[in-house]
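Below, each chain spelled out in residue letters.
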Amino acid sequence: MNIETPALLINKEQLLANITDMARYAETHSLSLKPHIKAHRLPQIAKLQQQYGSRGFTCAKLGEAEMLVQNELDDVLIAYQLIGKPKMQRLAQLLKQATVTVGCDSLEGAQMLQQLAEQCGCTINLSLEIDSGLNRCGVKPGQSAVNLALRIREVCNNLRLVGVFTHAGQAYAASNNEELRSIAKQEGEAVTLTADMLRQHGFDIQIISVGSTPTAKYSHLTPGVNEIRPGNYVFYDAIQVGLGVATVEQCALSVLATVISRPNERQVVVDAGSKVLGLDKGAHGISLVNGYGIVVDWPHLTVQRLSEEHGVLVDETGQGALPAIGDQVRIIPNHACPVLYRGDKVYVFDRQGEVEVWPVAMRGSL
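Everything quoted here is computed from the prediction, not taken from an experiment.

Chemist: Looking at this structure, how should I read the overall build of the protein chain?
Modeler: A tally of regular secondary structure across the protein chain gives 9 helices and 17 strands. For 366 residues, the compact-globule estimate of 2.2 N^0.38 gives 21 Å, and the protein chain sits close to it at 22 Å. In terms of overall dimensions, the protein chain has a C-alpha envelope of 70 × 40 × 35 Å along the principal axes. Among the 366 residues that make up the protein chain, the fraction classed as buried is 55%. Long-range pairs, those at least 24 residues apart, make up 67% of the contacts in the protein chain with a sequence separation of at least 6.

Written out as structure tokens, the structure reads:
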């Protein structure tokens, strides 16, 4: 490709294949698909997801929700605890423009939302975050969640509890499909159990939501789950390949790099370092991969180490050929989600060689 490197590339056909595959799964099993957009934060991809069946979107940040609303996509779950007056001020504007459900796991957070709702003269839809084993945010399933919900109902008249949601991030430690299936079962049972108990106390729980690309396609195995929130599936990446969730061929995002040095017969250096590829080797501190990406068409090369502007690719077999200085190589990143935060634009190519350039809508947004 006649593109200055390092550059971010999206394979358009594979992107569409991934989007439609997950949409078919959700439709087949009567699951609402509300994908997490932190994986891409691009309105062009969000609109494709909506076109192929997504029923709203999940966001981690208010900025992601604001970007969606600016692009006429206005049904969002903010699956994150919003704490502090600046967040409340931004949420107030968003509530005027979109259908918003806000995640919560504490009475303190609910009381901030209650105060905002009183000021705005509105009712805010709430979804209770349940800890299904990741031990990050979230209230424990069952009675602990019920106790919190009852307390919120007692003191927060302007909040309406409409759902429960969870994220089984511990799936990234799974070593095989059976373990993934078991984690998905645990994930689903945590929210369905809690939803049943909440309904017994008069709560109208409409949404029972799970969210993780590795466990997404096991979601139908837990009766009662009615929503999935995968995000990474639009691209997949080396970590998903390491988990056995995807193949290299299914990975739609890559980094194009140029060989700038061949210091010896087993090593080349490219112009993509940690500022582009990142230093992730697995979610939540769990190492799943060898090196810092998969070098497409050069399976004997390992991205052995990165500095900020350099990537060192090594032939660990000692038997393969090396690309020449000036050659370009594509590297599938270990973790696709942060990569787009770091570029100004992304090149979207198809089999016919046509290339579109999409600006990165939220570059650097924290």
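From this point on, the discussion continues.
Chemist: I tried to follow the nonpolar core on my own but got confused; where do I start?
Modeler: Within soluble globular proteins, side chains that are nonpolar tend to cluster in buried spots. Grouped together as the largest cluster of nonpolar side chains are 101 residues, with contacts concentrated most on Leu91, Leu128 and Phe235. Setting aside residues no more than four positions away along its own chain, Leu91 makes contact with Leu62, Ile78, Leu82, Val100, Val102, Leu113 and Leu116. Leu180, Ile183, Ala184 and Tyr218 belong to the second-largest nonpolar core, a separate cluster that totals 7 residues.

Chemist: Just to check I follow, could you spell out unusual backbone geometry for this structure?
Modeler: For residues that are not glycine, phi is negative in most cases, and the peptide bond is trans in most cases. Residue Pro6 is reached from Thr5 by a cis peptide bond, and omega for that bond is 0 degrees. Position of Pro6 among the secondary structure elements: in the segment before strand E1 (7-11). Of note, the phi angle at Ser30 is positive, near 55 degrees, even though the residue is not glycine. Tracing the sequence through the fold places Ser30 in the loop between helix H1 (12-28) and strand E2 (32-33). Phi angles above zero are rare outside glycine, and Arg41 is one such case at about 50 degrees. Take Arg41: it is sitting in the loop between E2 and helix H2 (43-51).

Chemist: Explain the pattern of salt bridges here, please?
Modeler: Pairing is possible between side chains of opposite charge, provided their charged atoms come close. Taken as a whole, this structure holds 13 salt bridges when the rule is applied. Linked by salt bridges that have partners in common, Lys275, Glu308 and Glu309 make up one network.

Chemist: What is the right way to read the environment of Gln328 from this model?
Modeler: In this structure, Gln328 sits in strand E15 (residues 328-332). Looking at Gln328, the relative accessible area reads 29%, which means it is partly exposed. On a C-alpha basis, the gap between Gln328 and Gly211 in space is 36 Å, while along the polypeptide they are 117 residues apart. Sequence-distant contacts of Gln328, defined by excluding residues within four places in its chain, comprise Met1, Ile3, Thr5, Leu256, Ala257 and Thr258. Engagement of the side chain of Gln328 in a polar contact is seen with the backbone oxygen of Ile3, the distance being 3.3 Å.

Chemist: Help me understand the packing of helix H6 (residues 143-155) against helix H7 (residues 177-200) in this model?
Modeler: Working note: a packed helix pair is described by the angle between its axes plus the distance between those axes. Contact geometry of H6 with H7 gives a least axis separation of 9 Å together with a crossing angle of 45 degrees. The angle between H6 and H7 places the two elements in the oblique class. The handedness of the crossing between H6 and H7 is right-handed. Note on element contacts: H7 touches H6 through Thr194, Met197 and Leu198, opposite Gln143, Ala145, Val146 and Ala149. The residue makeup of the contact of H6 with H7, split by class, is 5 nonpolar, 2 polar and no charged.

Chemist: What exactly am I supposed to notice about the state of the cysteines here?
Modeler: Simply put, the disulfide is a covalent bond whose two ends are the sulfur atoms of two cysteines. Using the criterion set out here, one finds 0 disulfides in the structure. Of the cysteine sulfurs around Cys120, a residue in no disulfide, the closest is that of Cys122, at 4.7 Å. Judged by relative accessible area, Cys120 falls into the partly exposed class, the value being 35%. Here Cys251 is not disulfide-linked; the sulfur of Cys337 is the nearest cysteine sulfur, at 12 Å. Using a relative accessible area of 9% as the deciding quantity, one classes Cys251 as buried.

Chemist: What is the right way to read the sheet that holds E2 from this model?
Modeler: Strands in a sheet are paired, the pairing made by backbone hydrogen bonds, and the direction either parallel or antiparallel. The strand order E2-E9-E8-E7-E6-E5-E4-E3 describes an open sheet built from 8 strands, whose pairing is parallel. The sheet is open, and its two edges are formed by E2 and strand E3 (57-59), each paired on a single side. Inspection of the sheet shows strand E7 (residues 159-166) paired to strand E8 (residues 207-210) by 4 bridges, in the parallel sense. Bridging across to E8, Val164 finds its partner in Ile208.

About the cut-offs
- Residues numbered from 1 in each chain as written.
- Predicted model: local features only at pLDDT ≥ 70, side-chain atom pairs only at ≥ 80, totals over all residues.
- Heavy atoms only, no water.
- Helix = DSSP H or I, 4+ residues; strand = E, 2+ residues; numbered from the N terminus.
- Rg over C-alpha atoms; globule rule 2.2 N^0.38 Å.
- Buried < 20%, exposed > 50% of the residue type's maximum accessible area, 1.4 Å probe, protein only.
- Contact = heavy atoms within 4.5 Å.
- Core = buried A, V, L, I, M, F, W, Y, C linked by side-chain atoms within 4.5 Å.
- Salt bridge = Lys/Arg side-chain N within 4 Å of Asp/Glu carboxyl O.
- Polar contact = N/O pair within 3.5 Å; in protein donor to acceptor, adjacent residues only side chain to side chain.
- Axes fitted to C-alpha atoms, helices over the stretch in contact; angles between N-to-C directions.
- Parallel < 35°, antiparallel > 145°, perpendicular 65-115°, else oblique.
- Left-handed = near helix turned anticlockwise from the far one by under 90°.
- Nonpolar A, V, L, I, M, F, W, Y, C, P; charged D, E, K, R; others polar.
- Disulfide = S-S within 2.5 Å.
- Pairing = 2+ DSSP bridges.

Geometry only, nothing functional implied.
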